[in-house]
Amino acid sequence: LHSMPLTIVIFGATGDLARKKLFPSLYQLCMQGHLPSHLNIVGYGRSPVDLPAFIAKQCVNIKENRRALRLEHFTSRIQFHAGGYDAPPSYQSLDLTIRAYEEAHPSGKPGNRLFFLSVPPAVFGTVAEMISQHARAERGAFTRLMIEKPFGRDLQTFHELNQLTARHFEETQLFRIDHYLGKEVLLNISTLRWANSVFEPLWTREHIHSVQITFKENLGTEGRGGYFDGVGIVRDVIQNHLLQAFMFLAMDAPQTMCASDIVEMKVALLRSVKCVELQHTFLGQFAAGNGEKGYLDDETTPAGSRCPTFAACVLSVDNERWRGVPFLLTAGKGLDERLCEVRVRFKPQPYNKMMGVDAHNELVMRVQPDEALYMVAVAKTPGISAGVGRDERRTPVAMGLRYASQFGDGSPFVSGDAYERMLLNAARGDQALSVSAAELFESWRIFTPMLHQIDQEKPQPVVHAFGELPAGFIEWTESHGIDISPPAR
Ligand code: BG6
């Protein structure tokens, strides 16, 4: 990677994602020496820009570390190329611009090219075709494409999208991003399970009672209501981010941690997951409350919309390991806090009775905001109790790891952003964290019938005040055998 010219082209470079995530991530990667300092960055957009003004605006979120990499040095690598998404001459001149950089590179080697498509999915196909025809790297260097969800809106539309991209690019050249796969605590699931000896033997229906994967946001749609309304929380968060967490929690151990082995196990798992049914899904929508506006008050939301901003569903896995263990996936906007957490609850054992406790050991993996991993266990409360043995007082306690204290607040990637890892993996050609077509076919199979039913029947979601859980939700989880009361912290 370091010995060859490398160009990263960002389509949609004037957009929010580029400003919030892509430019800051590229800076971090260069600053830490992961990407070559001679990197060439080309922003691609439909209208011409004033380069210094573009850089000033889009690089505003970069946290400069002057000693390691001066911002001016980084931004001097940025160029801008204006042109239509479907205009061949514009791609031909993009190719010339990149080639000029490549030819001036001292290595004399052909240049690698990575294209990030931060553009609406409707133009994915066109841009992929144009790149393939007019701006591919020369032989001996790679051409790779990074794309982000939505990967279609159901099984059929994913199939169509896949055909469009597959016409021009091999699966090994396509990096489909799910930025949750770059989150440190989710990445740690495989290490926890397979680099330790105490968890995996318990990782079965004999020992695990239920699993909860929860995403909560204390934000609304913030002016994105128009976009969100066509999507809904299931497509926005559950079918991708939470399902990825589910896959790493529930899949069997792959032969190696290489992409192809991981995908094989993910797909095998998804094949044994039954389609989610609407009747076993809870839908909610946040309204005004606690001083915050409701979903329908967002001026971009269509009046009277029944789009769910909260949803919960239970996945059942029909295989030897998991039969009968409910996996509850819950996601909601307009709730009381920003939190993403996985909770694995273990079954009580017969001898727990002797201790007079109803032990509910739980392994909690807090993905955000403050990354942590802890086991809720029962401990004897210190001190002398009135009686003997059975009368001891016992308390649930947390035995655990807080990332900030263990690894330090500023350690790279704990404080860093998931996009850094995604960009670096694509540059290195490592697909272990990208989303394969095979798993998308399966994940859309699981959710498509329920999503179609929501699209057609538009069931009324349970309206709840901003910051509060929808009424009836706790009872609904209980009816599925799951207790969502918070674990000891
Ligand atoms: C995005 C969703 O994929 O993830 C957003 O489209 C959501 O609706 C976001 O807010 C959450 O990401 P993070 O990294 O802030 O938890």
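Predicted model only: the values in this text are computed from it and were never measured.

Tell me what's going on with the packing of aromatic side chains, and back it up with residues and numbers.
Applying the stated criterion to the full structure yields 22 aromatic pairs. A cation over a ring is seen here: Arg136 above Phe169, with NZ or CZ 4.8 Å from the ring centre. Directly above the ring of Tyr180 sits Lys183, whose terminal nitrogen or CZ lies 4.5 Å from the centroid.

Tell me about the sheet that holds strand S12 (residues 362-368), and name the residues and values.
Read across the open sheet, the nine strands follow the order S14-S13-S12-S11-S7-S10-S9-S8-S15; overall the sheet is mixed. Of all the strands in the sheet, just strand S14 (394-402) and strand S15 (462-465) have a single pairing partner and so form its edges. Across the sheet, the axes of successive neighbouring strands diverge by a mean angle of 20°, strand direction being ignored. Relative to S15, strand S8 (residues 281-287) is paired through four bridges, and the arrangement is parallel. Following the sheet pairing, Gly284 is matched in S15 by Val462. In the packing of helix H7 (residues 184-194) onto the sheet, contacts are made with strand S11 (339-346), S12 and strand S13 (372-380), and the angle to S12 comes to roughly 145°.

Help me get a handle on the sheet that holds strand S6 (residues 174-177), residues and values and all.
Backbone-to-backbone hydrogen bonds pair the strands of a sheet. The strands run either parallel or antiparallel. Within the open sheet, the six strands sit side by side as S3-S2-S1-S4-S5-S6. Their pairing is parallel. Because the sheet does not close on itself, it has two edges, and the strands there are strand S3 (78-82) and S6. Shown here is a sheet whose adjacent strand axes are inclined to one another by a mean of 20°, direction ignored. Relative to S3, strand S2 (residues 40-45) runs parallel, the two being bridged by five bridges. Residue pairing for S3: Tyr44 is matched across the bridge by His81. Contacts between helix H4 (residues 88-104) and the sheet are confined to strand S1 (6-11), S2, S3 and strand S4 (112-117), with S1 contributing the most and set at about 150° to the helix.

Provide a residue-level description of the nonpolar core, including the pertinent values.
Counting residues in hydrophobic clusters, the biggest one holds 128 residues, and the most contacted among them are Phe11, Phe246, Met365 and Phe447. Per element, the largest residue contribution to this core is twelve residues, and it comes from helix H9 (residues 232-250). Excluding residues within four positions of it along the chain, Phe246 makes contact with Ile213, Leu269, Leu270, Val273, Leu315, Val317 and Phe327. In this structure, Ala312, Val314, Phe473 and Trp476 belong to the second largest nonpolar core, which totals ten residues.

Report on the pattern of salt bridges, specifying residues and quantitative values.
Following the criterion strictly, the structure yields 33 salt bridges and no others. Close ionic contact of Glu200 with Arg321 constitutes a salt bridge, the shortest N to O distance being 3.2 Å. Taken together, the residues span a long stretch of sequence, with Glu200 in the loop between H7 and strand S7 (208-216) and Arg321 in the loop between strand S9 (310-315) and strand S10 (327-332) at a distance of 121 residues. Grouping residues by exposure puts Glu200 and Arg321 together as buried. The salt bridge partner of Glu439 is Lys266, with a shortest N-O separation of 2.9 Å. With Glu439 in helix H13 (residues 437-457) and Lys266 in helix H10 (residues 259-271), the pair connects residues that are 173 residues apart, well separated along the chain. Under the relative-accessibility criterion, Lys266 is labelled buried at 1%.

Describe the pairing of S13, with residues and values.
Bridging between S12 and S13 involves five bridges; their strand directions are antiparallel. By the bridge assignment, Met365 is partnered in S13 with Leu373. Here S12 folds back onto S13, and the loop between the two strands holds three residues. Note that S13 and S14 share nine bridges and pair antiparallel. Among the inter-strand pairings, Ala377 is bridged to a residue of S14, identified as Val397.

Lay out the site of the ligand in plain terms, naming residues and giving numbers.
Every residue close to the ligand is listed here: Lys149, His179, Tyr180, Lys183, Phe215, Glu217, Arg224, Asp236, His241, Lys333, Arg338 and Gln368. The side chain of Lys183 places a nitrogen or oxygen atom 2.6 Å from an oxygen atom of the ligand. The contact in question runs from an oxygen atom of the ligand to an N or O atom on the side chain of Glu217, over 2.5 Å. Summarising the interface, the protein chains cover 81% of the accessible area of the ligand, which totals 400 Å² for the free molecule.

Break down the packing of helix H1 (residues 16-31) against helix H2 (residues 51-58) for me, with residues and values.
At a minimum axis separation of 9 Å, H1 and H2 run at an interaxial angle of 85°. Considering their axes alone, H1 and H2 lie roughly perpendicular with respect to each other. Each of Ala18, Arg19 and Phe23 in H1 lies in contact with H2, whose residues at this interface are Phe54, Lys57 and Gln58. Each residue belonging to the contact of H1 with H2 can be placed in one class, and the counts come to three nonpolar, one polar and two charged.

Explain the packing of H9 against H13 to me, and be specific about the residues and the numbers.
Taken N-terminus to C-terminus, the directions of H9 and H13 make an angle of 145°; their axes are 11 Å apart at the nearest point. The hand of the H9/H13 crossing is right-handed. Along the contact surface, H9 presents Val234, Arg235, Ile238, Gln239, Leu243, Gln244 and Met247, while H13 presents Glu439, Leu440, Ser443, Trp444, Phe447, Met450, Leu451 and Asp455.

A description of helix H6 (residues 155-166) should follow, citing residues and the corresponding values.
Look at H6: 16 Å from first C-alpha to last across twelve residues, which is about the 16 Å you get at 1.5 Å a residue. Among all positions in H6, only Phe158, Leu161, Asn162 and Thr165 are buried. The arc enclosing the buried residues of H6, seen along the axis, measures out at 100°, which places them on a common side. The elements touched by buried residues of H6 are helix H5 (124-134), S6 and H13.

What counts as what
Residues numbered from 1 in each chain as written. Predicted model: local features only at pLDDT ≥ 70, side-chain atom pairs only at ≥ 80, totals over all residues. Heavy atoms only, no water. Phe/Tyr/Trp six-rings, centres within 6.5 Å; stacked < 30°, edge-to-face > 60°. Lys NZ or Arg CZ within 6 Å of the ring centre and 35° of its normal. Pairing = 2+ DSSP bridges. Helix = DSSP H or I, 4+ residues; strand = E, 2+ residues; numbered from the N terminus. Axes fitted to C-alpha atoms, helices over the stretch in contact; angles between N-to-C directions. Contact = heavy atoms within 4.5 Å. Core = buried A, V, L, I, M, F, W, Y, C linked by side-chain atoms within 4.5 Å. Buried < 20%, exposed > 50% of the residue type's maximum accessible area, 1.4 Å probe, protein only. Salt bridge = Lys/Arg side-chain N within 4 Å of Asp/Glu carboxyl O. Near = heavy atom within 4 Å. Polar contact = N/O pair within 3.5 Å; in protein donor to acceptor, adjacent residues only side chain to side chain. Areas by Shrake-Rupley, 256 points an atom, 1.4 Å probe, with all protein chains shown as cover. Parallel < 35°, antiparallel > 145°, perpendicular 65-115°, else oblique. Nonpolar A, V, L, I, M, F, W, Y, C, P; charged D, E, K, R; others polar. Left-handed = near helix turned anticlockwise from the far one by under 90°. Expected span 1.5 Å × (residues − 1). Arc of directions from axis to C-beta.

Read these as layout, nothing more, since geometry by itself doesn't imply function.
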